[in-house]
Amino acid sequence: HGFSLGYPGVEMLDQGWSKTETWGTWTLGSDASLTFKPELTDTDALHVYFMVFPPPRYPDPKQSVSVRLDGEFVDTWTFTEADSDTCIHREISLSLSKKTEPPYSLKFEISSPISPETLGLGGDKREVGFGLMKIVEASASSPHLGNACQ
């Protein structure tokens, strides 16, 4: 499921997302959520591909994203400026959900959204955290192989 202009993944985006762009869509503010209904009947994991906006330079040069699946905390992703502008891959196991049937709700809580303008990177005033590019389903019968960043 792609999250760029013209891709059906855009329909999954709930709140906290900026407008779609040719590569994907940025989170907007400190919370972003989406509702995901797998196409495969036996999906057991989601592979999330995204890029991180450079984190704030003060006081701690890190960006943290808390991930919730159906309201339950499942992981924290932490990034530094060295991670910015590269495609990053993380896996979310659906077995962590207390729900037995889709759709699933994913919520991302961004610790330090910041605007490009604040960092001196142009006049864009949107406070962004990470840019969602793609989510790939995986299951025992259809394992995720390769790298969707390429």
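Residues numbered from 1 in each chain as written. Predicted model: local features only at pLDDT ≥ 70, side-chain atom pairs only at ≥ 80, totals over all residues. Heavy atoms only, no water.

**Topic: the overall build of the protein**
From N to C terminus, the protein includes zero helices and eight strands. Helices (α) and strands (β) of the protein occur, in sequence order from the N terminus, as β-β-β-β-β-β-β-β. For the protein, with 150 residues in total, the buried portion stands at 42%. Across the protein, contacts joining residues at least 24 apart in sequence account for 67% of those joining residues at least 6 apart. Total accessible area on the protein is roughly 7700 Å²; 49% of this is exposed by carbon and sulfur atoms. (Helix = DSSP H or I, 4+ residues; strand = E, 2+ residues; numbered from the N terminus. Buried < 20%, exposed > 50% of the residue type's maximum accessible area, 1.4 Å probe, protein only. Contact = heavy atoms within 4.5 Å. Areas by Shrake-Rupley, 256 points an atom, 1.4 Å probe, with all protein chains shown as cover.)

**Things to note about the sheet that holds strand β6 (residues 88-93)**
In space, the four strands of this open sheet follow the order β1-β8-β3-β6, with antiparallel pairing throughout. Because the sheet does not close on itself, it has two edges, and the strands there are β1 (25-26) and β6. Two strands pair when backbone bridges link them, and strand β3 (residues 45-52) and β6 are joined in this way by six bridges, in the antiparallel orientation. Opposite Ala45, over in β6, you have Ser93 as the bridge partner. (Pairing = 2+ DSSP bridges.)

**Examining the nonpolar core**
In terms of nonpolar packing, the biggest core is built from 26 residues, with Leu34, Trp77, Phe108, Leu132 and Ile135 touching the most fellow members. Mapped onto this core, the elements with two or more residues apiece are β2 (31-36), β3, β4 (62-69), β5 (72-80), β6, β7 (104-110) and β8 (130-138). Leaving out residues up to four positions away in the same chain, Phe108 has contacts with Trp17, Ser30, Asp31, Ala32, Leu34, Val65, Ser66, Val67, Trp77 and Phe130. Met51, Ile114, Leu119 and Val128 belong to the second-largest nonpolar core, a separate cluster that totals six residues. (Core = buried A, V, L, I, M, F, W, Y, C linked by side-chain atoms within 4.5 Å.)

**Details of the pairing of β4**
With eight bridges joining them, β4 and β5 adopt antiparallel strand pairing. Residue pairing across strands places Val65 opposite Trp77, the latter belonging to β5. As consecutive antiparallel partners, β4 and β5 are separated by two residues, and within that stretch Asp70 has a phi angle of approximately 50 degrees, a positive value.

**Some points on the pattern of salt bridges**
Under the criterion given, the structure shown has five salt bridges. A salt bridge links Glu21 to Arg126, with the shortest nitrogen-to-oxygen separation between them at 3.3 Å. Residue Glu21 is located in the segment before β1, and its partner Arg126 is located in the loop between β7 and β8; the two are separated by 105 residues in the primary sequence. A salt bridge links Lys107 to Glu109; the nearest nitrogen and oxygen atoms lie 3.9 Å apart. According to the relative accessible area criterion, Glu109 is partly exposed, its value standing at 22%. (Salt bridge = Lys/Arg side-chain N within 4 Å of Asp/Glu carboxyl O.)

**Here we look at the packing of aromatic side chains**
What characterises a pair of aromatic rings is the spacing of the ring centres plus the angle enclosed by the ring planes. Evaluated as defined, the whole model comprises eight aromatic pairs. Ring plane angle 40 degrees and centroid distance 6.0 Å describe the contact between Trp77 and Phe108, whose orientation is recorded as tilted. Of the two residues, Trp77 sits in strand β5 while Phe108 sits in strand β7, which places them 31 residues apart along the sequence. The class for Phe108 is buried, based on a relative accessible area of 0%. Here a set of aromatic residues connected by ring pairs shows up, and it is made of Trp17, Phe50, Trp77, Phe79, Phe108 and Phe130. (Phe/Tyr/Trp six-rings, centres within 6.5 Å; stacked < 30°, edge-to-face > 60°.)

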